[in-house]
Amino acid sequence: MDYISNIPDKKTKKRVVIVGGGFAGLTIAQKLDRSKYQVVLIDKHNNHQFQPLLYQVATSGIEPSGISFPFRKIFQKFQDFHFRMGEAIAVDRANNMLETSIGIIE
Ligand SMILES: Cc1cc2nc3c(=O)[nH]c(=O)nc-3n(C[C@H](O)[C@H](O)[C@H](O)COP(=O)(O)OP(=O)(O)OC[C@H]3O[C@@H](n4cnc5c(N)ncnc54)[C@H](O)[C@@H]3O)c2cc1C
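Residues numbered from 1 in each chain as written. Predicted model: local features only at pLDDT ≥ 70, side-chain atom pairs only at ≥ 80, totals over all residues. Heavy atoms only, no water.

Undergrad: I keep staring at the sheet that holds strand E6 (residues 88-92) and nothing clicks. Help me out?
TA: The strands making up a sheet associate through hydrogen bonds between their backbones, and the pairing can be parallel or antiparallel. Pairing within the open sheet is antiparallel, and its three strands lie in the order E6-E7-E8. Bordering the open sheet on either side are E6 and strand E8 (103-105), each of which pairs with just one other strand. When the angles between neighbouring strand axes are averaged without regard to direction, this sheet yields 20°. Pairing of strand E7 (residues 97-100) with E8, which is carried by three bridges, proceeds in the antiparallel orientation. Bridge pairing in E8 links Thr-100 to Gly-103. (Pairing = 2+ DSSP bridges. Helix = DSSP H or I, 4+ residues; strand = E, 2+ residues; numbered from the N terminus. Axes fitted to C-alpha atoms, helices over the stretch in contact; angles between N-to-C directions.)

Undergrad: What's the story with the pairing of strand E5 (residues 81-85) in this structure? I'm lost.
TA: Regular strands place side chains that alternate from one sheet face to the opposite one. Along E5, four of the five residues are buried, which leaves the element largely enclosed by surrounding structure. One ladder, built from five bridges, connects strand E2 (residues 37-43) with E5; its direction is parallel. Paired with Val-40 across the bridge in E5 is His-82. (Buried < 20%, exposed > 50% of the residue type's maximum accessible area, 1.4 Å probe, protein only.)

Undergrad: Is there a simple way to think about the pattern of salt bridges in this case?
TA: Two side chains with opposite charge may pair up if their charged atoms get near one another. A complete count under the given rule lists two salt bridges for this structure. The partner of Lys-13 in a salt bridge is Asp-80, with the nearest N and O atoms 2.8 Å apart. Pair noted here: Lys-13 is in the segment before strand E1 (14-19) and Asp-80 is in the loop between helix H3 (71-74) and E5, with a separation of 67 residues, a long-range link. On the accessibility criterion, Asp-80 (24% relative accessible area) is partly exposed. Where Asp-33 meets Lys-36, a salt bridge forms, and the shortest distance between an N and an O atom there is 3.8 Å. (Salt bridge = Lys/Arg side-chain N within 4 Å of Asp/Glu carboxyl O.)

The structure is reproduced here in structure tokens:
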């Protein structure tokens, strides 16, 4: 399987790959020191969903776009941050690799 394309090689920084841009993934992605780490966020969807207001959408109180935020917009000003839409399939712990529906990443 090929590597996920267009993610620059890690040079001096370590790479942190986060699977899932829910509350947990978003928080860690925002808090990691990107002068020390290259951050790659992988989610099977393009958007973060604010689940606590899901009921408002279900009851036609607000539009779906009111609880759905594109990852690329959230992180547009972040340096050395890379979002890729894909589904994580398996973790190869021995080789420090993640297999996804769009390729592998170290
Ligand atoms: C209707 C509703 C109302 C809620 N209200 C509240 C509330 O009022 N207060 C509160 O504290 N909590 C509330 N919660 C709970 C809260 O939303 C969750 O605890 C929180 O979202 C969990 O965050 P998470 O990051 O662990 O997972 P999630 O928010 O579920 O995010 C997981 C992310 O991972 C992605 N993902 C999953 N599997 C893969 C894969 N294999 N490959 C790639 N991406 C993947 C998903 O697309 C998703 O973006 C509510 C939940 C729901 C459903």
